[in-house]
Amino acid sequence: MTTNYDHIADKYKESKLEDWRTHIEQYTLLQILGDISGKSVLDYACGEGHYTRILRRLGAESVVGVDLSQGMIDLATAEESRSPLGIRYRQGDARYTTLAESSDIVFAAYLLNYAKSPQELLEMTQAISRNLRSGGRFVSVNNNPDDPPSNFLVGRAYGFTKHLEGRLVEGAPIIFRFRLPEGSFDVTNYHMDKMTVEAALFESGLREIQWHTPAVSPEGLRLEKAEHWAPFLARPPVAFFECAKL
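Here goes a summary of the coordinates provided.

Conventions adopted
- Residues numbered from 1 in each chain as written.
- Predicted model: local features only at pLDDT ≥ 70, side-chain atom pairs only at ≥ 80, totals over all residues.
- Heavy atoms only, no water.
- Salt bridge = Lys/Arg side-chain N within 4 Å of Asp/Glu carboxyl O.
- Helix = DSSP H or I, 4+ residues; strand = E, 2+ residues; numbered from the N terminus.
- Buried < 20%, exposed > 50% of the residue type's maximum accessible area, 1.4 Å probe, protein only.
- Pairing = 2+ DSSP bridges.
- Axes fitted to C-alpha atoms, helices over the stretch in contact; angles between N-to-C directions.

1. Concerning the pattern of salt bridges
Piece 1. Here the structure, examined in full by the defined rule, presents 11 salt bridges.
Piece 2. In this structure, Glu25 engages Arg21 in a salt bridge whose closest nitrogen and oxygen atoms are separated by 3.2 Å. Here the residue Glu25 and the residue Arg21 both occupy positions in helix α2 (residues 19-33), the gap between them amounting to four residues, near one helical turn.
Piece 3. For Lys194, the salt bridge is made with Asp146, and the minimal N-O distance between the two is 3.0 Å. One end of the pair, Lys194, is in helix α6 (residues 194-203); the other, Asp146, is in the loop between β5 (132-143) and β6 (160-164), and 48 residues separate them in sequence.
Piece 4. The class for Lys194 is partly exposed, based on a relative accessible area of 25%.
Piece 5. Accessibility expressed as a relative area gives 47% for Asp146, which makes it partly exposed.

2. What to know about the sheet that holds strand β8 (residues 183-190)
Piece 1. The strand order across the open sheet formed by three strands is β6-β7-β8, and the pairing between neighbours is antiparallel. Lying at the two open borders of the sheet, with one neighbouring strand each, are β6 and β8. Along the sheet, successive strands turn relative to each other by an average axial angle of 25 degrees, direction set aside.
Piece 2. Two strands pair when backbone bridges link them, and strand β7 (residues 173-180) and β8 are joined in this way by eight bridges, in the antiparallel orientation. Following the sheet pairing, Pro173 is matched in β8 by Tyr190.

Written as structure tokens, this is what we have:
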């Protein structure tokens, strides 16, 4: 089962504003990225452009957003028309994307977890490498491959849960259910072992793989006490990493 984002584009856009996504996900990703002033960036699985716009405002010289969903790209281009930042968007499958020029950074918030098989995963990592210049970096967050099913309800306090269909084997569907004030919606990810992810990255010419521990922003700690965030940090449902093309 594959999520059709064309039908949930507006809801998924709203879910990007949940507190954990701002104060853990976004904060951690931007800490890993560091200074990107003057860099060229390719944002894979850009959705409606949430991170694409952030990357541009952080000083990236050029930013291209790519997403499989035309509905998401329509939202992104509409926002670009309202508030122009010079971002280019294109609809397409990340596996088959080749830009005219390679990028300094490839960024992807939830891309690899849509691979249903090791072969699809390899096709994604090969595309990432193909569009990354030598010495460039890939920064990403995805479903945590080390998160056990016994921990799949930890996100309830933050507005989401995970559900496993069948056994936790490679390619097993994992359903993220996001709960918003107007109702819930589901997104389907697929499980891949961490070793499989690292092997695909390595085979694609990506090295120096570093997995990062999530952190809470200072603003998040002012908004909620540390105890609120502790279960998420102790056993994170999502995983952050970076690597480089040597």
